[in-house]
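# Coordinate analysis (summary)
Next come the chains, spelled out residue by residue.
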Amino acid sequence: MVDRAAVEAAARRIDGHVRRTPSVEMAPGLWFKLELLQHSGSFKARGAFNRILAARESGELPAAGVVAASGGNAGLAVAFAAARLGIPAEVFVPRVAPEVKVRRLRELGAVVHQHGREYAEAYAASMIRVAETGALFVHPYDQPEIVAGQGTLALELPDVDTVLVATGGGGLVGGIAAAVGDGVRVVAVEPVGAPTLHAALAAGHPVDVAVDSVAADSLGARRIGTIGFDAAVRHGVQSVLVDDDAIIRARRTLWAQHRIVVELGAAAAFAALAQVEDAGAGRVAVVLCGANTDPADLTGDVSAETVQDLSQGV
């Protein structure tokens, strides 16, 4: 179980290794937590540093370094942390991982292995490599140090009533829920085509789901992590589903109105804003958690009419 004490311990451990990203009040009672400005482009750096530094503290960090399996962002975070700490890193990604992420992994000095079409296949290949080398495995979302590290983001939030957070494997939403406890409403926003927490809450336990979403490169886990699920249940996290069209509109709106470029997965949280506000959310923080994307399709002039169209429903 990960609790607030574990999150606070993680914050002390990673202090000086990660950025305290800004929370900007975009409108009265609405804040954007700009975690896209984090090292390696996403919140994942928090958990990666916490996992690796905790292993080093306990003498469990092997000479072989670290291995990770990731659709992109977790691998980037592990590669970044490993480079900063001077240890070897190998990262396994699906063949469908965005080229912008694969290229950046190599630039950070990681050895990149591409296996299968989904995260699960890359994960299986990474486990074989861990057995071969004895390297430390850094899970993208389902290890206590990872969840506690991701939860440090919540310690930087303003005084709000509701936090909207895009959810895939559950490491971030679980860490945030553990950090804020029962005093803040946490809403997990998931694609209709990858409803890991939604399906688990309905079943009463983590279950496999089919993954079919434009946001699958970052929200493409087949199953919610057990640690994140436990935190979600303990603290009453709510699940809201958004379809791919809403996610695409949200990403475009963030660019058109605010000049913020985020991944489709990160835009999912913003896509749920209207329906959550309609339910009486009070003061809201939207976590914009990742920027590892190709902005080419966001360039060009956007008319006022287009901006108005994009804004409807998000």
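Remember, predicted model here, so these are calculated numbers, not experimental data. (Residues numbered from 1 in each chain as written. Predicted model: local features only at pLDDT ≥ 70, side-chain atom pairs only at ≥ 80, totals over all residues. Heavy atoms only, no water.)

## Brief notes about the overall build of the chain
Note the following rule: Each helix is a run of DSSP H or I of at least 4 residues and each strand a run of E of at least 2, with the numbering of both proceeding from the N terminus. Burial status follows relative accessibility: with a 1.4 Å probe on protein chains alone, a residue under 20% of its type maximum counts as buried, one over 50% as exposed, and anything between as partly exposed. Contacts: residue pairs with any heavy atoms within 4.5 Å of one another. None of His or the chain ends enter the tally, which takes Lys and Arg as positive and Asp and Glu as negative. Charge positions are represented by NZ for Lys, CZ for Arg, CG for Asp and CD for Glu.
Looking only at helices and strands, the chain has 13 helices and 10 strands in total. Projected onto its principal axes, the C-alpha positions of the chain cover 55 × 40 × 40 Å. Taking all 314 residues of the chain together, 57% fall into the buried category. If you take every contact in the chain between residues at least 6 apart in sequence, the share linking residues at least 24 apart comes to 70%. For the chain, the centre of its 27 positive side-chain charges and the centre of its 35 negative side-chain charges are spaced 5 Å apart.

## Focus: the sheet that holds strand 6 (residues 136–138)
What counts is decided by this rule: When DSSP locates at least two bridges between a pair of strands, those strands are taken to pair. Only C-alpha atoms enter the line fits that serve as axes; for helices the fit covers just the stretch in contact. Angles between N-to-C directions range over 0 to 180 degrees.
A sheet is described by the order of its strands in space; here 4 strands give the open sequence 5-4-3-6, paired in parallel fashion. Each edge of the open sheet carries a strand with a single partner, namely strand 5 (111–114) and strand 6. Across this sheet, the average inter-strand angle for adjacent strands is 20 degrees, counted without regard to direction. Inspection of the sheet shows strand 3 (residues 66–69) paired to strand 4 (residues 89–93) by 4 bridges, in the parallel sense. The residue of strand 4 that forms the bridge with A69 is F92.

## Observations regarding the sheet that holds strand 2 (residues 30–33)
The strand order across the open sheet built from 6 strands is 1-2-10-7-8-9, with neighbouring strands paired in mixed fashion. With one partner strand each, in any of the chains shown, strand 1 (23–27) and strand 9 (238–242) form the two edges of the open sheet. The average angle at which neighbouring strand axes cross in this sheet is 25 degrees, direction not considered. Pairing analysis gives 4 bridges linking strand 1 to strand 2, with the strands arranged antiparallel. Bridge pairing in strand 2 places E25 opposite W31.

## Points about the packing of aromatic side chains
Stated formally: Each Phe, Tyr or Trp ring (for Trp, its six-membered ring) is paired with any other whose centre lies within 6.5 Å, and the angle between the two planes then decides the class: stacked below 30 degrees, edge-to-face above 60, tilted in between. Working rule: Lys NZ or Arg CZ, within 6 Å of ring centre, within 35 degrees of ring normal, means a charge sits over the ring.
Tallied over the full model, the rule gives 3 aromatic pairs. Note that R259 overlies the ring of W255, its terminal NZ or CZ placed 4.2 Å from the centroid.

## Focus on the pattern of salt bridges
The test is simple: For salt bridges, the criterion is a side-chain nitrogen of Lys or Arg within 4 Å of an Asp or Glu carboxyl oxygen.
Within this structure, the stated rule accounts for 13 salt bridges. The salt bridge involving E156 is made with R46; its shortest N-O contact spans 2.9 Å. Taken together, the residues E156 in the loop between helix 6 (144–151) and strand 7 (162–166) and R46 in helix 2 (residues 44–57) connect sequence positions 110 residues apart. Across the pair R51 and E145 runs a salt bridge, and its minimum N-O distance is 3.7 Å. Linking R51 in helix 2 with E145 in helix 6, this pair joins segments that are 94 residues apart in sequence. One continuous salt-bridge network, built from bridges that share partners, spans K33, E35, R46 and E156.

## Looking at the environment of S23
Checked against the element boundaries, S23 lands in strand 1. Excluding residues within four positions of it along the chain, S23 makes contact with W31, F32, K33, E156, L157 and P158.

## Some remarks on the environment of D159
Quick reminder of the rule: Nitrogen and oxygen atoms within 3.5 Å of one another constitute a polar contact, given that in protein one can donate a hydrogen and the other can accept it, and given that sequence-neighbouring residues count only through two side-chain atoms.
The topology assignment puts D159 in the loop between helix 6 and strand 7. Taking C-alpha positions, D159 is 9.0 Å from V284, a pair spaced 125 residues apart along the chain. Only 3.1 Å separates the side chain of D159 from the side chain of R283, close enough to count as a polar contact.

## Things to note about the side chain of N292
You can see N292 is positioned in the loop between strand 10 (284–287) and helix 13 (304–311). A distance of 3.0 Å separates the side chain of N292 from the backbone oxygen of S40, its partner in a polar contact. In this structure N292 touches S40, G41, S42, N73, L76, V100, K101 and E263, once residues within four positions along its chain are discounted.

## Structural notes on the nonpolar core
Taken as a class, soluble globular proteins show a tendency for nonpolar side chains to be buried jointly. Just so we agree on the cut-off: As used here, the term nonpolar core means buried Ala, Val, Leu, Ile, Met, Phe, Trp, Tyr and Cys residues forming a set that is joined through side-chain atoms within 4.5 Å.
Grouped together as the largest cluster of nonpolar side chains are 64 residues, with contacts concentrated most on F32, I176, V286 and L288. The next biggest cluster of nonpolar side chains, apart from the first, holds 31 residues, and it includes I14, A89, A97 and I146.

## Section: the pairing of strand 8 (residues 185–191)
Filter applied, for reference: By the criterion used throughout, a crossover qualifies as right-handed when its path from the first strand across the helix to the second strand runs clockwise, the strands pointing away from the viewer.
For strand 8, the buried fraction is high: 6 of the 7 residues fall into the buried class. Strand direction decides the pairing type here: strand 7 and strand 8, joined by 5 bridges, are parallel. In the sheet register, V163 faces strand 8, and the bridge partner there is V186. A crossover links strand 7 with its parallel partner strand 8, the connecting element being helix 7 (residues 171–180), and its sense is right-handed. Sheet topology note: the strand 8/strand 9 ladder contains 5 bridges and is parallel. Paired with V187 across the two strands is Q238, which belongs to strand 9.

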